[in-house]
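Spelled out, the chains give:
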Amino acid sequence: MIKNYIELNNINYKDILNNFSISFSKNKFYTLTGANSCGKSTLLRLISNEIELIDDINLNDKLLSDYDKIDYKRIVTVFDENNLSFSEEIISNEIKLQLLKNNSYSKEYLKSTLLKYDLYESRNRKISNLSLQEKIYLMFIKIVLGNYEVILIDNIDNYCDKETMNIIINIINYIKNNKLIIMTIKDINYSLESDELIVIN
């Protein structure tokens with residue numbers, strides 16, 4: 001039997017979620033869809049603890065309220081338009097900073113990482129000069145390198161083109177082992193490569 005990694009039981013939040021229950025398992029990529037204002041983004045904000053609840057959420061057999069907030073942010077992250085950077089740093093420095101945060105930096109590993117994610121040829125470009133799609137891709141790679149257990153991706157198909165979305169989805173399916181990845185989408189076609197589509201009513 002597959003164990004649930006995140007469980008929400010009879011959650012209530014304003015008039016958006018009422019007696020709402022849902023569970024997610026690790027090693028899976030979920031897509032969430034539904035009508036506007038159905039609660040998809042709210043659900044991600046609840047799981048990420050950006051919105052605090054009186055009701056509690058269970059993550060890995062531990063109540064969310066029992067986690068230290070800083071430790072929790074090392075486990076769970078949200079990827080949305082707020083992640084986009086307009087830094088004057090060059091790409092290689094941005095990736096280097098992420099590797100340093102992980103205590104995994106070396107010149108050789110930086111180069112192999114840039115090569116792995118097709119960033120080596122553009123490594124000396126300033127982030128501020130990248131196109132929107134290039135910025136989205138770079139910031140997603142930073143999240144991948146962050147070693148989070150839970151990655152919550154909110155409505156990026158609002159501003160991603162089809163090519164960028166397909167690249168991101170391919171990477172998600174490559175890295176999903178030992179992770180839980182949840183993506184809210186409007187275009188249901190993007191659910192075809194996920195492990196499970198959940199429709200929020």
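Reference entry: report on the structure contained in this document.

Some remarks on the overall build of the protein
Alright, step 1. The helix and strand inventory of the protein stands at 6 helices and 9 strands.
Alright, step 2. Within the protein, the proportion of its 201 residues that are buried is 50%.
Alright, step 3. Partitioning the intrachain contacts of the protein with sequence separation of at least 6 by distance along the chain shows that 69% fall at a separation of at least 24.
Alright, step 4. Taken as a whole, the protein presents about 10,700 Å² of accessible surface, with 45% of it coming from carbon and sulfur.
Alright, step 5. Taking the 24 positively charged and 28 negatively charged side chains of the protein as two groups, their mean positions are separated by 6 Å.

Describing the sheet that holds strand E2 (residues 17–25)
Alright, step 1. Read across the sheet, 4 strands follow the order E2-E1-E4-E5 without closing on themselves; strand pairing throughout is antiparallel. The open sheet has two edge strands with one neighbour each: E2 and strand E5 (62–63).
Alright, step 2. Direction of pairing for strand E4 (residues 57–59) relative to E5: antiparallel, over a ladder of 2 bridges. Across the sheet, the residue bridging to Leu59 is Lys62, located in E5.
Alright, step 3. Where helix H1 (residues 40–47) meets the sheet, its contacts fall on strand E1 (4–13), E2 and E4, and the angle it forms with E2 comes to roughly 65°.

Some details on helix H5 (residues 132–145)
Alright, step 1. For H5, which comprises 14 residues, the first-to-last C-alpha distance of 20 Å matches the rise-based estimate of 20 Å (1.5 Å per residue) to within 8%.
Alright, step 2. H5 sits mainly inside the fold: 12 of its 14 residues count as buried.
Alright, step 3. Taken residue by residue, H5 has Gln133, Lys135, Ile136, Tyr137, Leu138, Met139, Phe140, Ile141, Lys142, Ile143, Val144 and Leu145 as its buried positions.
Alright, step 4. Buried residues in H5 make contact with strand E6 (76–79), helix H3 (91–101), helix H4 (107–116), strand E7 (150–154) and helix H6 (162–175).
Alright, step 5. Where H5 ends, the next residue or the one after it, Asn147, has phi of about 60°, a positive value.

Each value, and the rule that gives it
- Residues numbered from 1 in each chain as written.
- Predicted model: local features only at pLDDT ≥ 70, side-chain atom pairs only at ≥ 80, totals over all residues.
- Heavy atoms only, no water.
- Helix = DSSP H or I, 4+ residues; strand = E, 2+ residues; numbered from the N terminus.
- Buried < 20%, exposed > 50% of the residue type's maximum accessible area, 1.4 Å probe, protein only.
- Contact = heavy atoms within 4.5 Å.
- Areas by Shrake-Rupley, 256 points an atom, 1.4 Å probe, with all protein chains shown as cover.
- Lys, Arg positive; Asp, Glu negative; His and termini not counted.
- Charge placed at Lys NZ, Arg CZ, Asp CG, Glu CD.
- Pairing = 2+ DSSP bridges.
- Axes fitted to C-alpha atoms, helices over the stretch in contact; angles between N-to-C directions.
- Expected span 1.5 Å × (residues − 1).

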